[in-house]
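Below, each chain spelled out in residue letters.
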Amino acid sequence: MADQTETSREDGAHRPEAPGVNDVNAWFVREVLPLEPLLMHYLRKQWPNQSEIEDLRQDVYVRVHEAAKKQIPQPAKPFVFRIAHNLLVDRIRREHVVPIEAVADFDELGIAIDAPQPDRSVIARDELRRLQAALDQLPPRAREAVVLGRIEGLNGREIAKRMGIGTATVSAHLANGILALADILTGEGPPQERKS
Amino acid sequence: MTESSDQTPSPARAIAQSAADWIQRRQFWDWSKKDQAELDAWLAENPLHLVTYLRLEAAWSRTERLAALNRPLSEVPRVAPESRNRWPHMRAAVALIACCVGAGGLWFAQKPKENTYVTPIGVHETISLADGSQIELNTDSALRTRVDGNRRVAVLDRGEALFKIKHDAAHPFVVIAGDHRVTDIGTQFMVREQGARVEVAVLEGSARLESANAQSATLKAGDMAVVSPHSLVVTKKPEREIANSLAWQRGMLVFSQTPLADVAAELNRYNTKKLVIADADAAKAKIGGTFPTSGVEEVTAAARVLFGLRVEDRGNEIVISR
């Protein structure tokens, strides 16, 4: 029953033309991914098992992306949180045993949706600084590989030579760096300490 | 960053690792048409692959700006770590607590710990125990489980529960409700606690009932016992009647020739908005049918239509009168 709201938009007699995959992907990157800090905050608060949060987040993304292939929902934010809410409800129904707080708290959803968006000009001004901060959070070898590749513009073989390690190890460091950067950059909260 | 550090990676994390590998391969190593085709195939294989890739790629493309720095490593200014170190610890602590709560009944784990389960009004839950037993906890109920010597013990502090017990003669399963106890002998049984009065109905197998004042009876499938401080009465119930009394498992209540007062009392167990029957004659009106546990409106509609009773919604309660 809860899923009905997700799909009800397309039940009309005149079904709008489905958007192209690139449009959906672009929308997803532009509108959905920036919601990640709020989404993570919401999931962490609502779901007792913190080791499942990442899986839940990715499931939310899949549901959102799949739904957007039929029609891109506007605005994105309430849609994403409704899907997250429905996913948690489904999981609770399936797994049954969930500490009661998780159920009782569901209606705090509104708080997450109403949280203010960071000012876009602030984001732009601080982007470089934020990227450097993110870089500094990487494990040292991953940081070194990413800096050599991204800032000095070396390719994989050159990085391996410079670091004096094998190409497979370079690949692993780079992949780790990319993964960690996504968590830091996408999962970060709004820039609270940078007001003004 | 990672809440589940030294376990095997979660499914999402494993996919993220693959996606990160694709991104670095494409960016830093020789990239052929064949590689691209393989990547496309991987992306098309599973929507999780695609969204994961999009997420990593979006963050990674942001780091392109770093190229603008193009200065030696030593000159890339470091940002002080600030207070961010405090957070991973906090999260770890939160995760640990959540795990303990979520782990449920590990009956024969080393520590003699007690698990508490509480359902709010209108909610029922299935508790799956590690020994294979299942407990369905009905609305507004509280249950504690623990291991006591060789016995598996469940204390029903409030409400109603259906026990589907994996029988184990070496580890008897005992349910305690209002000082009475029920011991399973390979069983499915229902226990409902109503203050000093406790009802026990056996659906399958048999169970031994001992009342607080040491009366006892062996109950077989179809037996329903009512125990109060001074009496123990066992009656045989038709199978259907017992099944009906457990319709709450499907979120339903089944009434048959039931006085409106009893219907209201039953519904009130499941709903915060209480039904009040303000008239003695109205209370005796009999209703039958299957209603959802949240079906206050259905019942009030029946009262209005069938008996011409007055229904008044006062916000936190609904009053039915003549």
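Residues numbered from 1 in each chain as written. Chains lettered and ligands numbered in written order. Predicted model: local features only at pLDDT ≥ 70, side-chain atom pairs only at ≥ 80, totals over all residues.

1. With respect to the overall build of chain B
For clarity, the threshold we go by: Here a helix means four or more residues in a row that DSSP labels H or I, a strand means two or more in a row labelled E, and each is numbered from the N terminus. Comment: burial labels come from other C-beta atoms within 10 Å of the residue's own C-beta, placed from the backbone, where a count of 20 or more is buried, 12 or fewer is exposed, and between is partly exposed. Each residue is represented by a C-beta atom placed from its backbone, and any two residues with such atoms within 7 Å are regarded as in contact.
Each helix and strand counted, chain B has eight helices and 16 strands in total. Buried residues in chain B amount to 30% of all 322 residues. Relative to all contacts within chain B whose residues are 6 or more apart in sequence, the contacts with residues 24 or more apart total 42%.

2. Here we look at the overall build of chain A
Per the secondary structure count, chain A includes 11 helices and zero strands. Along chain A, helices and strands appear, N-terminal first, in the series α-α-α-α-α-α-α-α-α-α-α. For chain A, the proportion of its 196 residues judged to be buried stands at 35%. In chain A, the proportion of contacts linking residues at least 24 apart, taken out of those at least 6 apart, comes to 69%.

3. Focus on the sheet that holds strand 16 (residues 317-321) of chain B
Residue and element names in this part refer to chain B. Formally: A pair of strands is treated as paired once DSSP finds two or more bridges between them. Every axis corresponds to a line fitted to the C-alpha atoms, with the helix fit spanning only the stretch in contact, and the corresponding angles, defined between N-to-C directions, vary from 0 to 180 degrees.
Spatially, the three strands line up as an open sheet ordered 13-16-15, and their pairing is mixed. Two strands bound the open sheet, and with one partner strand each, they are strand 13 (274-277) and strand 15 (310-313). On average, each strand axis in the sheet is inclined to that of its neighbour by 20 degrees, with strand direction left out of account. Strand direction decides the pairing type here: strand 13 and strand 16, joined by four bridges, are parallel. The residue bridging Lys 274 from the neighbouring strand is Glu 317, located in strand 16. Helix-sheet contacts for helix 8 (residues 296-307) involve strand 13, strand 15 and strand 16, and the interaxial angle to strand 16 is about 20 degrees.

4. Quick notes on helix 3 (residues 36-46) of chain A
The condition is simple: Comment: arc refers to directions from the helix axis out to C-beta atoms.
Among all positions of helix 3 of chain A, only Glu 36, Leu 38, Leu 39, Tyr 42, Leu 43 and Gln 46 of chain A are buried. What you see down the axis of helix 3 of chain A is that its buried residues fit within an arc of 160 degrees, all on one side.

5. Regarding the pairing of strand 15 of chain B
Residues and elements named next belong to chain B. In the sheet, strand 15 pairs with strand 16 via four bridges, with the strands oriented antiparallel. Bridged to Asp 313 within strand 16 is Ile 318. Two successive antiparallel strands, strand 15 and strand 16, enclose a turn made up of three residues, where Gly 315 displays a positive phi of approximately 90 degrees.

6. Structural notes on helix 6 (residues 260-270) of chain B
Leu 260, Val 263, Ala 264, Leu 267 and Tyr 270 of chain B are the residues of helix 6 of chain B that are buried. The arc that holds the buried residues of helix 6 of chain B, viewed along the axis, is 110 degrees, so those residues lie on one side.

7. Topic: the confidence of the model for chain A
All names here are of chain A. Worth spelling out the cut-off: Across the chain, each position has a pLDDT score giving the predictor's confidence in that residue, from 0 to 100.
Taken residue by residue, chain A gives an average pLDDT of 75. The fraction at 70 or more is 70%. The lowest-confidence element of chain A is helix 6 (residues 100-104), averaging 36 in pLDDT; the highest-confidence one is helix 10 (residues 156-163), averaging 94. In this model residues 1-13 is a low-confidence stretch, pLDDT under 50, and it forms 13 contacts with partners more than four residues away in sequence or in other chains. Note on residues 97-125: pLDDT is under 50 here. Beyond four places in sequence and across chains, it has 40 contacts.

8. A closer look at the nonpolar core
Selection rule: Only buried residues count toward a nonpolar core: Ala, Val, Leu, Ile, Met, Phe, Trp, Tyr and Cys, linked into one set through C-beta atoms within 7 Å.
Membership of the largest hydrophobic core comes to 59 residues, with the highest contact counts inside it found for Val 60, Val 80, Ala 84, Ile 178 and Leu 181 of chain A together with Leu 56 of chain B. Ranked by the residues each element gives to this core, the list is headed by helix 11 (residues 167-187) of chain A, at 10 residues. In this structure, Ile 127, Leu 137, Ala 161 and Val 175 of chain B belong to the second largest nonpolar core, which totals 29 residues.

9. Let's talk about the environment of Met 252 of chain B
Residues and elements named next belong to chain B. Its place among the elements puts Met 252 in strand 12 (residues 252-259). Separated by 41 residues in the primary sequence, Met 252 and Thr 293 have C-alpha atoms spaced 5.1 Å apart. In this structure Met 252 touches Ala 247, Thr 290, Phe 291, Pro 292 and Thr 293, once residues within four positions along its chain are discounted.

10. Some points on unusual backbone geometry
Here the bond from Gln 74 of chain A into Pro 75 of chain A is cis, since omega is -5 degrees, no more than 30 degrees from zero. Positionally, Pro 75 of chain A belongs in the loop between helix 4 (53-70) and helix 5 (76-95). The backbone of Asp 140 of chain B shows a phi angle near 50 degrees, a positive value even though the residue is not glycine. Looking at the secondary structure, you find Asp 140 of chain B in the loop between strand 3 (134-137) and strand 4 (142-148).

11. Focus: the pairing of strand 3 of chain B
Residue and element names in this part refer to chain B. Here strand 2 (residues 125-128) runs beside strand 3; their pairing, made up of four bridges, is antiparallel. Note that in strand 3 the partner of Glu 125 across the bridge is Leu 137. Hairpin connection from strand 2 to strand 3: five residues lie between these consecutive antiparallel strands, with Gly 132 at a positive phi of about 95 degrees. With four bridges joining them, strand 3 and strand 5 (residues 151-164) adopt antiparallel strand pairing. Counterpart to Ile 135 in the pairing with strand 5 is Phe 163.

12. Focus on the confidence of the model for chain B
Residue and element names in this part refer to chain B. Of all residues in chain B, 83% attain a pLDDT of 70 or more, and the chain-wide mean is 78. Low pLDDT (under 50) marks residues 1-6, which in the prediction has nine contacts with non-local residues, meaning those over four places away or in another chain. Overall fold confidence for the complex sits at a pTM of 0.44, while the interface term, ipTM, reaches 0.74.

13. Notes on the environment of Ile 287 of chain B
Residue and element names in this part refer to chain B. With respect to the helices, strands and loops of the structure, Ile 287 is situated in strand 14 (residues 286-292). Separated by 19 residues in sequence, Ile 287 and Leu 306 have C-alpha atoms that sit 9.1 Å apart. Sequence-distant contacts of Ile 287, defined by excluding residues within four places in its chain, comprise Phe 255, Thr 258, Leu 260, Val 263 and Ala 302.

14. Concerning the packing of helix 1 (residues 11-28) of chain B against helix 3 (residues 47-62) of chain B
All names here are of chain B. Definition in use: The scheme is simple: roughly parallel for angles under 35 degrees, roughly antiparallel for over 145, roughly perpendicular for 65 to 115, oblique for anything else. The sense of a crossing depends on the near helix, which, turned anticlockwise from the far helix by less than a right angle, makes the crossing left-handed and, turned clockwise, makes it right-handed. Residues are grouped as follows: nonpolar covers Ala, Val, Leu, Ile, Met, Phe, Trp, Tyr, Cys and Pro; charged covers Asp, Glu, Lys and Arg; every other residue, Gly included, is treated as polar.
The contact between helix 1 and helix 3 brings their axes to 9 Å, and the two run at 55 degrees. Put simply, helix 1 runs oblique to helix 3. Relative to helix 3, the crossing made by helix 1 is right-handed. Of helix 3, the residues touching helix 1 (which contributes Ile 15, Ala 16, Ala 19, Ala 20, Trp 22 and Ile 23) are Leu 48, His 49, Thr 52, Tyr 53, Leu 56, Glu 57 and Trp 60. Taken together, the residues of the contact of helix 1 with helix 3 break down into 10 nonpolar, two polar and one charged.

15. Topic: the packing of helix 11 of chain A against helix 1 of chain B
For any two helices packed against each other, one specifies the inter-axial angle together with the distance between the axes. For the pair helix 11 of chain A and helix 1 of chain B, interaxial distance at closest approach is 8 Å and the crossing angle is 115 degrees. Considering how the two elements wind past one another, helix 11 of chain A and helix 1 of chain B form a crossing that is right-handed. Facing Ser 171, Leu 174, Ala 175, Ile 178 and Leu 179 of chain A of helix 11 of chain A, the residues of helix 1 of chain B in contact are Ala 16, Gln 17, Ala 20, Asp 21, Ile 23, Gln 24 and Phe 28 of chain B. When grouped by side-chain class, the residues that make up the contact of helix 11 of chain A with helix 1 of chain B number eight nonpolar, three polar and one charged.

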